[in-house]
Amino acid sequence: MTREPTPPEASSEPLERWNDALTALQLLQIDPHGFGGVCLRAPHGPVRERWLQALADLGLGLVKVPGSVDSERLLGGIDLAHTLQTGQLHMQAGLLQQADQGLVCLPMAERLSPALLAPLVQALEQGQVPPTRHSAEPSVTRFGVVALDESLPDEPGVGAALAERLGVWLDLHELSPSDIHADWTDANSEGLHLRLSPGALTRARDQLAHVQANDDQMQALCAAALGLGIGSLRVPSLALRLACAHAALNGRQALEANDLGFAARCVLAPRATQWPAEPSAQEEEPAPQEDVTSPQEPPPQPSENADQAPDDEAEKDKDPGPPPEPSAEDLQEMMVAAALASLPPHMLDALMTRQGANSPQSSGRSGQTRAGSQRGRPLPPRPGRPGGQARLHVLATLRAAAPKQRLRQAHSTGRVAIRVEDFHIQRYQQRASSCLILALDASGSAALQRLAEAKGAVELLLQQSYARRDSVCIVAFRGAQAQLLLPATRSLVRAKRAMTGLPGGGGTPLALALKMAHEQAAQLQRQGVTPILVVLSDGRANVTLQGLGGRAQAQSDAQSWGQQWRASGHRALWIDTSIQPDAQAQQLASTMGASYLPMPQVQSQRMASAIERVRSPQV
Amino acid sequence: MALTFPFAAIVGQDEMTLAIQVVAVDPSIGGVLVLGDRGTGKSTAVRALADLLPPIQVVKGCPYRCDPAKPAGACPVCQARDPKSKVVTERQSVAVVDLPLGATEDRVVGALDLEKALSQGVKSFAPGLLAQAHRGFLYIDEVNLLDDHLVDLLIDVAASGENLVEREGLSVRHPARFVLVGSGNPEEGELRPQLLDRFGLSVQVRTPQDLALRVSIIKRRDAFDKDPTAFKALWHKDNQKLQKRILKARELLDQVEVSDDMLMLCARLCQQLGTDGLRAELTLLRATRAFAALQGHKAVKPEHLQSMAPLALRHRLRRNPLDDTDSGARVQRSVQEVLAA
């Protein structure tokens, strides 16, 4: 028996999502730091503006932290400008301390540097700012975070370390102003009334301290999270807090299905990494919850599942009354249904196809760029002499000179006295890191045994890249599609795993592969990584850009994407793997501006050294 | 001061909690590396560390928290004091210092004290995180993503036990003996082998898949979040018990005997696994001894070795970077073979 996906249009209605977003605001007001905060994914536009306006109207302390903030402003420290100006020491409180009992708002959170995120996350988790050099005691500050994520769907979002700790993930990407039109008009006249009155707020906060979840509810929450493939234990914890706040908002002492449903929609659903296992499959899992409670419960019927969400909505309207206590399974069913119903359709498809996936699809871009050497990224300045490649870092130099002004009796001359030992130089990372994009032909013409050879060679390449601390990205193409087998990563283990699972056979959609490689390259370029393309193929394209057969059209499509690559100016290497190399691949390679290397028998060592040559042509 | 989740209340993750306790018994083992996914309680366990250890005696007013019982190797402040004057001591809890990823070099090693320089025109040294972590723990979350220049610093200090600052006209040498605790997700990046080597034990954590276990974790977390003080009080007794156990183990540590047979076993194991250098043997030996002491045994037995070998050796195997089999299993297999031989 397969479970039907809940019809997406049942409740992923834009208006409902908008209402959830507004409810989240009210919950923030009741419990600003309990559930971490909100990660709002939406482009700049009227919808987001509206939400932010409502956020500002809440009456909570709201501190905006721009990406350019320095650590002294963030955590507190010396106010350098003021200090230099007056010659007296001036300290400033950090933005995080100012945000105590309020919210920290991070615009363009997806662009924040790891150096900024790390102390923020630390403060968020511990509820205090670590002692700095200037204060021996840590200062307590509890705040929630509102992270505004403007990333496009194919771009990496907010750093995983931060996103993980923010309870509510809202996606208002596809909402247009007309979707929220219903309250748009009347709101224009008088604004949204989201702010709770002081009395109501105190009542709700009092209530919050007493909201209790019963065992079944906890159980259901954990099971639902597990079923959706959410491994982290922080997530159900945050969901529970959110559900409690939701109950408090509605003036209840005990959690109800409604509260859990809201938490499932806002916390669990956006993090889902797998389609919940079938009831039959669930029984094979190590800890089937049937063992623990009410064993008589039969596996749920699909119809019941689909009805759950509307039922839940209907409950909201009528007086709850004393409904029969739902069992843990019912609750879990309800939560999973609510979570799935709130997902947009394309996400559902993605989940369906990745059934049983264990790891989240991206391990966070921040990780790669952090350790990576990116061209033009400044490093912290260091003491040193300017000249040659080193440039003077004026601010750091002044900072170094500032404390010694009295010693040097600068006031007598009226100038800032700077000595050589104060000089700080700017540092950039020298070598831009590169990423090897491997386009791997897994089609039938590339023959299975040769694919195995290629895999061996690729492993050698991966090892080399590892030694160079470069990242690798693999695009495999066969049949009617090119597949991003492995997004840019430095983890060899992942790369190898991706390679071993690669099947062979089918047509050669070369154009699709080149297109995907091109897209990947553009994305890497934006991150400051130099892409290098290595194509392992015989060049006999026979699948067009549309995924249809047709040799002539396929060739011309491949040619046109080859030209695109040439226009981008990135380096490329074409390794012709056919037994009898012919002009076709060579011509395509020259169109791309790629080096061409026929290699009827894949020789790992030779291939590796060829790639090495492409990578560093000057040597 | 924000309250931390009580150590005794941590459910599951037995290997991790065990490793932390073993290191608490004998800090000379050299630290713990915890690798695993997010949200598995890594940082919770580390931050709860302070619970395990009794307060230490420190010289009052000393920024480096020197040990009054060991005047040798003292910090500049204590050395400057008149040796005849009576040392005033106070009790402080063991420090667990966080080293955030983006920390500057100044912040880590210490730098010129701007405040004093500006207000009094005095050139003096403001200790950094390394000084704060002296005699305590230095915790680095996402250690695999740490900047290279910080890694270099740490490698040096962790090996020598002292921090040497020669910059901005300062020349300071102060003790910095700390237990390095790192955590991270290996999928996001690998650790430099040199840094890896500085960690005595390494643990792999996975998200518990057992539903009942997960529920109980969430329950406790919720109870703690609702009322940290009450929750802490509830677990105070168990925490005390744990603390006593560790104290007892520490006393016992010197009496634990390691027979020559056991030494041979350790050596043979390391040989078979092909670990580099002698550090592996030493660490394994210390860890096994500490574990025996923790169990209240006066002699090291093969089963102690069996439990400690994966922790102490897992990250020291010369590994094909493409090989993703669990090194712990490999160690376990070798232990079986060596014990059987």
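Residues numbered from 1 in each chain as written. Chains lettered and ligands numbered in written order. Predicted model: local features only at pLDDT ≥ 70, side-chain atom pairs only at ≥ 80, totals over all residues. Heavy atoms only, no water.

1. Section: the overall build of chain A
How we decide: What counts as a helix is a DSSP run of H or I of at least four residues, what counts as a strand is a run of E of at least two, and both are numbered from the N terminus. Here the term buried applies to any residue with accessible area under 20% of the maximum for its type, exposed to any over 50%, and partly exposed to those in between, with areas from a 1.4 Å probe on protein chains only. Contacts are assigned to residue pairs that have any heavy atoms within 4.5 Å of one another. Methods summary: accessible areas were calculated by the Shrake-Rupley approach with a probe of 1.4 Å, and residue burial reflects only the protein chains presented.
On a plain count of helices and strands, chain A comes out with 25 helices and 18 strands. The buried share of chain A, taken over its 619 residues, is 54%. Across chain A, contacts joining residues at least 24 apart in sequence account for 77% of those joining residues at least 6 apart. Here chain A has roughly 26700 Å² of accessible surface; of this, 52% comes from carbon and sulfur atoms.

2. Let's talk about the sheet that holds strand β13 (residues 434-441) of chain A
Residue and element names in this part refer to chain A. How we decide: Pairing between two strands requires that DSSP report at least two bridges joining them. Simply put, an axis is a line fit to the C-alpha atoms, just over the touching stretch for a helix, and the angle between two N-to-C directions goes from 0 to 180 degrees.
A sheet is described by the order of its strands in space; here six strands give the open sequence β15-β14-β13-β16-β17-β18, paired in mixed fashion. At either end of the open sheet lies a strand with only one pairing partner, and these are β15 (481-489) and β18 (595-598). Taking each pair of neighbouring strands and ignoring which way they run, the sheet shows an average axis angle of 15°. By the bridge criterion, five bridges tie strand β16 (residues 530-537) to strand β17 (residues 572-576) in an arrangement that is parallel. The partner of Val534 across the bridge, within β17, is Leu573. Those strands touched by helix α22 (residues 510-526) are β13, β14 (471-478), β15, β16 and β17, and its axis lies near 25° from that of β15. Strand contacts of helix α24 (residues 583-592): β16, β17 and β18, with the helix running at about 175° to β17, the strand carrying the most contacts.

3. Things to note about the interface of chain B and chain A
Definition in use: The term salt bridge refers to a side-chain nitrogen of Lys or Arg lying within 4 Å of a carboxyl oxygen of Asp or Glu. In protein, a polar contact means a hydrogen-donor-capable atom and an acceptor-capable atom, both N or O and within 3.5 Å, with residues adjacent in sequence counting only if both atoms are side-chain atoms; elsewhere, any N or O pair within 3.5 Å suffices. Classes in brief: Ala, Val, Leu, Ile, Met, Phe, Trp, Tyr, Cys and Pro nonpolar; Asp, Glu, Lys and Arg charged; the others, Gly included, polar.
Chain B puts 52 residues into the contact, and the matching count from chain A is 65 residues. For the interface between chain B and chain A, the tally reads two salt bridges. One salt bridge in this structure joins Arg47 of chain B and Glu125 of chain A, with 2.8 Å as the shortest N-O distance. For the pair chain B and chain A, the number of links is seven residue pairs in polar contact (both at pLDDT 80 or more). For the side of chain B that touches chain A, the secondary-structure elements that each account for two or more residues are α2 (42-47), α4 (105-109), β5 (110-112), α5 (114-120), β6 (125-127) and α9 (211-226) of chain B. Broken down by element, the side of chain B that touches chain A gets its largest block of residues, 10 residues, from α9 of chain B. Residue classes in the side of chain B that touches chain A are distributed as 19 nonpolar, 10 polar and 23 charged.

4. With respect to the side chain of Asp576 of chain A
All names here are of chain A. Here is the rule we go by: When charges are tallied, Lys and Arg are placed among the positive residues and Asp and Glu among the negative ones, while His and the ends of the chain are skipped.
Assignment of secondary structure puts Asp576 in strand β17. Salt bridges are absent for the buried Asp576, whose nearest opposite-charge side chain, Arg540, sits at 6.2 Å. In terms of polar contacts, Asp576 uses its side chain to reach the side chain of Tyr596, at 2.7 Å. Among all residues touching Asp576, those that are not within four sequence positions of it are Ser537, Asp538, Pro581, Asp582, Ala585, Tyr596, Leu597, Pro598, Met599 and Pro600.

5. A look at the pattern of salt bridges
Tallied over the full model, the rule gives 22 salt bridges over all chains. The salt bridge partner of Asp259 of chain A is Arg252 of chain A, with a shortest N-O separation of 2.6 Å. The residues Asp259 of chain A and Arg252 of chain A share a single accessibility class, namely buried. One connected set of salt bridges, linked through shared partners, spans Glu125, Glu164, Arg165 and Arg234 of chain A together with Arg47 and Asp98 of chain B.

6. Notes on the confidence of the model for chain A
All names here are of chain A. Just so we agree on the cut-off: Values of pLDDT, which run from 0 to 100, indicate the predictor's confidence residue by residue.
Looking at chain A, the pLDDT average stands at 73 and 74% of residues meet or exceed 70. Predicted confidence for residues 184-190 stays below pLDDT 50, and this span has five contacts to residues more than four positions away or in other chains. Under a pLDDT of 50 for its full length, residues 353-376 has, in the predicted model, 48 contacts with residues more than four places off or in other chains.

7. Thoughts on empty space enclosed by the protein
As a reminder, the rule being used: In this analysis the probe radius is 1.4 Å and the grid spacing 1 Å, with only protein atoms considered; a cavity is a set of points the probe fits into but cannot get out of, a pocket is an open set with protein on both sides within 12 Å along at least five of seven lines, and lining residues have an atom within 4 Å of a point. Grid points are joined across faces, edges and corners, and a volume is the space filled by probe spheres set on the points.
Following the criterion strictly, the structure yields nine cavities of 30 Å³ or more and no others. Contributing to the lining of the largest cavity are 20 residues, with Ala118, Val121 and Gln122 of chain A together with Asp141 and Glu142 of chain B lying nearest its centre. Put simply, the parts of the chain that give the lining of the largest cavity at least two residues each are α6 (114-126), α7 (160-165) and α17 (365-371) of chain A. Here the lining of the largest cavity takes six residues from α6 of chain A, the largest share from any one element. Class assignment for the residues of the lining of the largest cavity results in 10 nonpolar, three polar and seven charged.

8. A closer look at the packing of aromatic side chains
Residue and element names in this part refer to chain B. The line we're drawing: Pairing of aromatic rings covers Phe, Tyr and Trp, the last counted by its six-membered ring, and requires centre-to-centre distances within 6.5 Å; plane angles under 30 degrees mean stacked, over 60 mean edge-to-face, and any other angle means tilted.
What the rule picks out here adds up to four aromatic pairs over all chains. Ring geometry for Phe231 against Trp235: centres 6.2 Å apart, planes inclined by 50°, an arrangement best described as tilted. Of this pair, Phe231 and Trp235 both sit in helix α10 (residues 228-253), four residues apart, roughly one helical turn. Cluster of aromatic residues (ring-pair linked, three or more members): Phe5, Phe224, Phe231 and Trp235.

9. Thoughts on the nonpolar core
In plain terms, the rule: Among buried residues, the Ala, Val, Leu, Ile, Met, Phe, Trp, Tyr and Cys ones that are joined through side-chain atoms within 4.5 Å form a nonpolar core.
Ranked by internal contacts, the top residues of the largest apolar core, which has 77 residues, are Leu25, Trp51, Leu55, Leu242, Leu255 and Leu268 of chain A. In terms of residues, this core owes the most to one element, helix α11 (residues 234-249) of chain A, which gives nine residues. Leave out the neighbours within four places in its chain, and Leu25 of chain A touches Trp51, Ala54, Leu55, Leu58 and Leu194 of chain A. Ile20, Ala24, Val46 and Val256 of chain B belong to the second-largest nonpolar core, a separate cluster that totals 66 residues.

10. Re the side chain of Arg17 of chain A
Residue and element names in this part refer to chain A. Relative to the elements of secondary structure, Arg17 occurs in helix α1 (residues 14-30). By relative accessible area, Arg17 is classed as buried at 17%. A distance of 3.1 Å separates a polar side-chain atom of Arg17 from the backbone oxygen of Asp171.

11. A short note on the packing of α1 of chain A against α11 of chain A
Residues and elements named next belong to chain A. Where we set the bar: Relative orientations are named as follows: roughly parallel for angles under 35 degrees, roughly antiparallel for angles over 145 degrees, roughly perpendicular for angles from 65 to 115 degrees, and oblique for any other angle.
In contact at an axis separation of 9 Å, α1 and α11 are set at 90° when each is read in the N-to-C sense. Taken together, the axes of α1 and α11 are roughly perpendicular relative to one another. Contacts from Thr23, Gln26, Leu27 and Ile30 in α1 reach Leu242, Ala245, His246 and Leu249 in α11. Grouping the constituent residues of the contact of α1 with α11 by class yields five nonpolar, three polar and no charged.

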